[in-house]
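# Topology and contacts: notes
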Amino acid sequence: IVGKDYPHPDGLDYVRRKWKEALRDPQNCQLIPNDNNDVDVAKENERIIRKAVGKGRYVIREMEGTIQLKKYRTMRRRYGQGLDITGEARRINDSLNDLIKRVK
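Our subject in this report is the structure included herewith. (Residues numbered from 1 in each chain as written. Predicted model: local features only at pLDDT ≥ 70, side-chain atom pairs only at ≥ 80, totals over all residues. Heavy atoms only, no water.)

## A short note on the overall build of the chain
For the chain, the count of helices and strands is three helices and zero strands. Starting at the N terminus, the α and β elements of the chain follow one another as α-α-α. The dimensions of the chain, computed from C-alpha atoms along their principal axes, are 90 × 30 × 20 Å. Taken across its 104 residues, the chain has 10% of its residues classed as buried. Within the chain, residue pairs in contact and separated by at least 24 positions form 43% of the contacts whose partners lie at least 6 positions apart. Taken as a whole, the chain presents about 9,300 Å² of accessible surface, with 52% of it coming from carbon and sulfur. Between the mean site of the 24 positive side-chain charges and the mean site of the 16 negative ones, the chain shows a separation of 8 Å. (Helix = DSSP H or I, 4+ residues; strand = E, 2+ residues; numbered from the N terminus. Buried < 20%, exposed > 50% of the residue type's maximum accessible area, 1.4 Å probe, protein only. Contact = heavy atoms within 4.5 Å. Areas by Shrake-Rupley, 256 points an atom, 1.4 Å probe, with all protein chains shown as cover. Lys, Arg positive; Asp, Glu negative; His and termini not counted. Charge placed at Lys NZ, Arg CZ, Asp CG, Glu CD.)

Set out below in structure tokens:
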């Protein structure tokens, strides 16, 4: 579920409410009335529906990106801004030296 981790106080409930509002809004997908079963009108309606589905998929990708950005920022705040290469190399070297001492 995409909205589970959405960065909003209401989280999933907020996303569900907004999606339902958007799906029920007739402005988002205005189909042409087709009383005479006209093929051209049916093709145009299909194009409109596909366009609306494409917009929906785009919004889902954007929400996933927003959630990933939120998680990235949280991790960066939690664990620091970047890598300390020399400190990391020193830590690995010390660990290897301790391991070698234990093996001997």
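This is not the end of the story, as more comes after the structure.
## A word on the side chain of asparagine 45
With respect to the helices and strands, the residue asparagine 45 is situated in helix α2 (residues 39-79). The class for asparagine 45 is buried, based on a relative accessible area of 12%. There is a polar contact of 2.7 Å between the side chain of asparagine 45 and the backbone nitrogen of isoleucine 32. With near-sequence residues (within four places) excluded, asparagine 45 lies in contact with Leu31, Ile32 and Asn34. (Polar contact = N/O pair within 3.5 Å; in protein donor to acceptor, adjacent residues only side chain to side chain.)

## Some thoughts on a positive patch on the surface
A cluster of like positive charges, contributed by Arg73, Arg76, Arg77 and Arg78, occupies part of the molecular surface. What makes arginine 73 partly exposed here is its relative accessible area of 46%. (Patch = residues over 30% accessible without salt bridge, like charges linked within 9 Å, V, L, I, M, F, W, Y side chains within 5 Å. Salt bridge = Lys/Arg side-chain N within 4 Å of Asp/Glu carboxyl O.)

## A closer look at a nonpolar patch on the surface
A surface patch of nonpolar side chains, amounting to about 380 Å² of accessible area, comprises Ile92, Leu96, Leu99 and Val103. Following the sequence through the fold, isoleucine 92 ends up in helix α3 (residues 85-103). By relative accessible area, isoleucine 92 is classed as partly exposed at 42%.

## Describing the layout of surface pockets
The gaps left among the atoms become clear once a water-sized probe is rolled over them. Here the largest pocket defines a volume of roughly 380 Å³. What lines the largest pocket is a set of 18 residues, among which Trp19, Ala22, Leu23, Asn28 and Gly56 lie closest to the centre. Of all the secondary-structure elements, those providing two or more residues to the lining of the largest pocket are α1 (12-24) and α2. (1 Å grid on protein atoms, 1.4 Å probe; cavity = no way out; pocket = protein on both sides within 12 Å on 5 of 7 lines; lining within 4 Å. Points joined across faces, edges and corners; volume = space filled by probe spheres on them.)

## Side note on the environment of proline 33
Mapped onto the secondary structure, proline 33 falls in the loop between α1 and α2. A residue is classified by how much of its surface remains accessible, and proline 33, at 63% relative accessible area, is exposed.

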